[in-house]
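Residue-level structure breakdown
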Amino acid sequence: MNRKFDIILFGATGFTGRLVAEYFLREYGLKKSLNWGIAGRDRKKLEELRFRLKSITKEALKIPILIGDSHQINSLNKIAKQTKVICTTVGPFMKYGMLLVKACIDNKTDYCDITGETPFIRTNIESYHNLAVKNEIRIVHCCGYDSIPSDLGCLMVQNFSIQSFNNPCEKVLFYAGKTKGGFSGGTIASMINITEKSKFDKKMRTVLKDPYALNGQDEWRGHDDLGQKDIKWDSNLGVWTGPFIMAMINTRIVRRTNVLLNLKYGKNFSYQEVMTFPNGYLNKIRAKFFRLGLGFIQKILRNQILCFILKKYILPSSGQGPSKSVRENGFFNVTVIGKGYRGDGTLFKVKGDIYCDKDPGYAGTAKMLGESAICLALYKKELPNSYGVLTPAAGLGKILIKNLKQKGMKFNVGIYN
């Protein structure tokens, strides 16, 4: 594909967008190993971003700028036709992302984002999946903390199981371990936007209640429900577990991966996610308070007045985030345990561990999204032969794990006794 750019970063002036721009500049420079540019609707803000980035290197002042508006398809077409890949952080995606996906498919441009919005992905599957397959284009959603650790973690465990035991794991459980970092304003804005829209949209409410919302009615559907709602003791790790807020999107992505990989994980595959709390009575109480807190937040989001107060005076607004020190000192740990059966019917267990030395919501997400875009732009021949509206595991697979490991993330897997 003869394009002027390898990657265009759309929404570069947002908080996460700026971090991705910094990542590209530090890790790949400008026009040396990667030809990239930045795009958005406000030229002045884009120029200010370039000026800020010159603290990394003076060549930042030469980063190309393209102007486009999320609601003007012609401007998006002009950007999409110039690049191999569009990498976007502009959310809420239900509000700002639909036309950009269309522009990418129409111009045969690959795409990746950090959405965690189930209705947005479902709409794109219904509207664009078949056309993207026809055009041999990869539209890869959820390339940040939601849902790369989940999707790649499950893929890693399943690949090991198939290689070691000739069978996949029938049941896989994701444990969100010790984490240091915060939510982004964009993530919160997306949650609020979906909650508000679902009040008046029956179809959206139905999607949000469906554990297999990203799988078609005529496609594989297992027996999973919406996930754990209370506090439980887990004997696998010896920890208390409770609901994990990101599970609502992550589990659906992993279940869609099974469909996209032609049921590689099996017809009886089950996948769930939980958050972990250490052993001890006090931590059990802490876990219960955390669960109550999640329920309280959901009630606030459904109340118009309380939601306004939350957005206005308490939560960070879109475009805001923690300091560099907080981001760089953050981290996350994930454990993935799979259980399956050998040909003779005996049980086996597999354990995977994922670690990142950056906070999940910002610096870690910038790395994961950045490397997803790199895979699409520079490693196209090594990617799975899969097109359409994809998941990270189905669209990027083992090459993304390899690249993330080279950039400092840890992916380890082995037999678990």
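Residues numbered from 1 in each chain as written. Predicted model: local features only at pLDDT ≥ 70, side-chain atom pairs only at ≥ 80, totals over all residues. Heavy atoms only, no water.

**Thoughts on helix α16 (residues 397-406)**
Helical geometry note: an α-helix holds 3.6 residues per turn, so side chains three or four residues apart project in the same direction. Our working rule: Note on exposure labels: buried denotes an accessible area under 20% of the residue type's maximum, exposed denotes more than 50%, and partly exposed covers the range between, all computed with a 1.4 Å probe on protein chains only. Helix and strand assignments follow DSSP, with helices taken as H or I runs no shorter than four residues and strands as E runs no shorter than two, numbered in order from the N terminus. Contacts: residue pairs with any heavy atoms within 4.5 Å of one another.
All of the buried residues along α16 are G397, I399, L400, I401, N403 and L404. If you follow the buried residues of α16, they end up packed against α7 (148-165), α14 (360-378), α15 (392-395) and β14 (410-415). Positive backbone phi, approximately 105 degrees, marks G408, located one or two places after α16.

**Regarding the environment of E47**
Within the element layout of this structure, E47 appears in helix α2 (residues 43-53). Classification of E47 as partly exposed rests on a relative accessible area of 37%. The spacing of E47 and C87 is 40 residues in sequence and 19 Å in space, taken between C-alpha atoms.

**A closer look at the environment of A287**
Within the secondary structure layout, A287 lies in helix α11 (residues 281-302). Of the residues examined, A287 reaches a relative accessible area of 1% and is grouped as buried. Measuring from C-alpha to C-alpha, the distance between A287 and M275 comes to 9.0 Å, with 12 residues separating the pair along the chain. Leaving out residues up to four positions away in the same chain, A287 has contacts with I231 and F277.

**What to know about the packing of helix α6 (residues 118-134) against helix α10 (residues 247-260)**
Test applied: Structural elements are reduced to axes, namely lines fitted to C-alpha atoms, with helices fitted over the stretch in contact, and the angle between N-to-C directions of any two is expressed from 0 to 180 degrees. Any angle that falls under 35 degrees is termed roughly parallel, while one over 145 is termed roughly antiparallel, one within 65 to 115 roughly perpendicular, and all others oblique. Side-chain classes are defined by residue name, with Ala, Val, Leu, Ile, Met, Phe, Trp, Tyr, Cys and Pro counting as nonpolar, Asp, Glu, Lys and Arg as charged, and the others, Gly among them, as polar.
Between α6 and α10, whose axes approach to 10 Å, the crossing angle comes to 25 degrees. Taken together, the axes of α6 and α10 are roughly parallel relative to one another. Packed against α6, whose contacting residues are T118, I121, I125 and H129, the element α10 presents M248, I249, R252, I253, R256 and L260 at the interface. Split into classes, the residues belonging to the contact of α6 with α10 amount to 6 nonpolar, 2 polar and 2 charged.

**As for the packing of α7 against α10**
Condition: Put simply, a crossing is left-handed when the front helix is turned counterclockwise from the back one by less than a right angle, and right-handed when it is turned clockwise.
As a packed pair, α7 and α10 sit with axes 9 Å apart at the nearest point and diverge in direction by 40 degrees. Considering the angle they form, α7 stands oblique to α10. The element α7 and its partner α10 pack so that their crossing is right-handed. Along the contact surface, α7 presents S150, D151 and C154, while α10 presents N250, I253, V254 and T257.

No statement about biological role is implied by the geometric values presented.
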